[in-house]
Amino acid sequence: MNERKLAMFFEDVYKQYRRDVQYHNDLHGVDVAHMMNLVLTEGGLLNLLELEHIDVMACIIAGLCHDLGHDGFTNGYHCNALTERAIRYNDVSVQENYHVAETFAIIKKDETNFLESMTRDEMTVFRKRVISMILATDMAKHMADLSALKTLVETKQIKNGENAHLVVNKDS
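Residues numbered from 1 in each chain as written. Predicted model: local features only at pLDDT ≥ 70, side-chain atom pairs only at ≥ 80, totals over all residues. Heavy atoms only, no water.

Draft legend 1. How the structure looks around the overall build of the protein chain. Across its full length, the protein chain carries nine helices and zero strands. For the protein chain, with 172 residues in total, the buried portion stands at 37%. Considering only intrachain contacts with a sequence separation of at least 6, the fraction spanning at least 24 residues in the protein chain is 68%. For the protein chain, the exposed area adds up to about 10500 Å²; of that, 56% sits on carbon and sulfur atoms. (Helix = DSSP H or I, 4+ residues; strand = E, 2+ residues; numbered from the N terminus. Buried < 20%, exposed > 50% of the residue type's maximum accessible area, 1.4 Å probe, protein only. Contact = heavy atoms within 4.5 Å. Areas by Shrake-Rupley, 256 points an atom, 1.4 Å probe, with all protein chains shown as cover.)

Draft legend 2. A look at a nonpolar patch on the surface. Taken together, the side chains of Met 35, Leu 38 and Val 39 present a nonpolar region at the surface, about 230 Å² in accessible area. Inspection of the secondary structure assignment puts Met 35 in helix α2 (residues 26–41). The class for Met 35 is partly exposed, based on a relative accessible area of 45%. (Patch = residues over 30% accessible without salt bridge, like charges linked within 9 Å, V, L, I, M, F, W, Y side chains within 5 Å. Salt bridge = Lys/Arg side-chain N within 4 Å of Asp/Glu carboxyl O.)

Draft legend 3. Representation of the packing of aromatic side chains within the structure. Scanning all chains against the criterion turns up four aromatic pairs. Judged by centre distance (4.9 Å) and plane angle (55°), the rings of Phe 9 and Phe 114 are tilted. On the criterion of sequence distance, the pair formed by Phe 9 in helix α1 (residues 3–16) and Phe 114 in the loop between α7 (94–108) and α8 (120–135) is long-range, its members being 105 residues apart. Take Phe 9 and Phe 114: they sit in the same class, and that class is buried. Between the aromatic rings of Phe 73 and Tyr 77, the centroid separation amounts to 4.3 Å while the plane-to-plane angle is 20°, which identifies the pairing as stacked. Overall, Phe 73 belongs to the partly exposed group, its relative accessible area being 39%. A network of ring pairs unites the aromatic residues Phe 9, Phe 10 and Phe 114 as a single cluster. Cation over ring: Arg 85 sits above Tyr 98, and NZ or CZ is 3.4 Å from the ring centre. Above the ring of Phe 104, the side-chain terminus of Arg 127 is found at 4.7 Å from the ring centroid. (Phe/Tyr/Trp six-rings, centres within 6.5 Å; stacked < 30°, edge-to-face > 60°. Lys NZ or Arg CZ within 6 Å of the ring centre and 35° of its normal.)

Draft legend 4. The arrangement of the pattern of salt bridges in detail. Under the defined criterion, the tally for this structure stands at nine salt bridges. A salt bridge links Glu 11 to Lys 15, with the shortest nitrogen-to-oxygen separation between them at 3.2 Å. Taken together, the residues Glu 11 and Lys 15, both in helix α1 and four residues apart, mark about one turn of the helix. For Lys 15, a relative accessible area of 55% gives the class exposed. For Glu 84, the salt bridge goes to Arg 88, with nearest N and O atoms at 3.3 Å. On the criterion of helical spacing, the pair formed by Glu 84 and Arg 88 is a turn pair, its members being four residues apart in helix α6 (residues 84–88).

Draft legend 5. Main features of the packing of helix α4 (residues 53–65) against α8. Running from N to C, α4 and α8 cross one another at 40°; their axes reach a closest spacing of 9 Å. On the basis of their axis angle, the class for α4 and α8 is oblique. Our pair here, α4 against α8, has a crossing hand that is right-handed. Every residue of α8 that contacts α4 at Ile 54, Asp 55, Met 57, Ala 58, Cys 59, Ile 61, Ala 62 and Cys 65 is listed here: Glu 122, Val 125, Phe 126, Arg 129, Val 130, Met 133 and Ile 134. For the contact of α4 with α8, the residue count by class is 12 nonpolar, no polar and three charged. (Axes fitted to C-alpha atoms, helices over the stretch in contact; angles between N-to-C directions. Parallel < 35°, antiparallel > 145°, perpendicular 65-115°, else oblique. Left-handed = near helix turned anticlockwise from the far one by under 90°. Nonpolar A, V, L, I, M, F, W, Y, C, P; charged D, E, K, R; others polar.)

Draft legend 6. Region of interest: the nonpolar core. The biggest cluster of nonpolar side chains holds 23 residues, and the ones touching the most others in it are Phe 9, Val 13, Cys 65, Phe 114 and Phe 126. Elements with a contribution of two residues or more to this core: α1, α4, α7 and α8. For this core, the element with the highest residue contribution is α4, accounting for seven residues. Contacts of Val 13, omitting those with residues within four sequence positions, involve Leu 64, Cys 65, Leu 68 and Ile 106. (Core = buried A, V, L, I, M, F, W, Y, C linked by side-chain atoms within 4.5 Å.)

Now the structure itself:
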């Protein structure tokens, strides 16, 4: 991994977060990334789910960028006001889709592409993971996501840490 480009990525992420937004700002992004790291390491999720390095990186980047460029308005506001964001994302997870798009717009730039040494397959996995994690922050879909997780846990017979690695689909 190119550390100089990673530092430039972090700088661009910092610049993209708005200072005039009370909650969904750079401090919140860093806080979520830090908490994700703690859950993975100190919480044991890294070993329990048998995560690969690419999964860990995707988790931390998704945590950091999950509110990237948030303007302080809700998805409902954007849809009702027919804002440019709502129109661009067809009223579906408007803010979350914006955060994902902005994240990958930064990564795509040559000077901030710290992932340039990844293979196409690795980048595909990384991108799918980041997209799904950031889109999962849309609270309008929270109950459906929680229900799907409960069904997965029951179907895969995950209990007391046994079979926990089956939560992560390694094929996608």
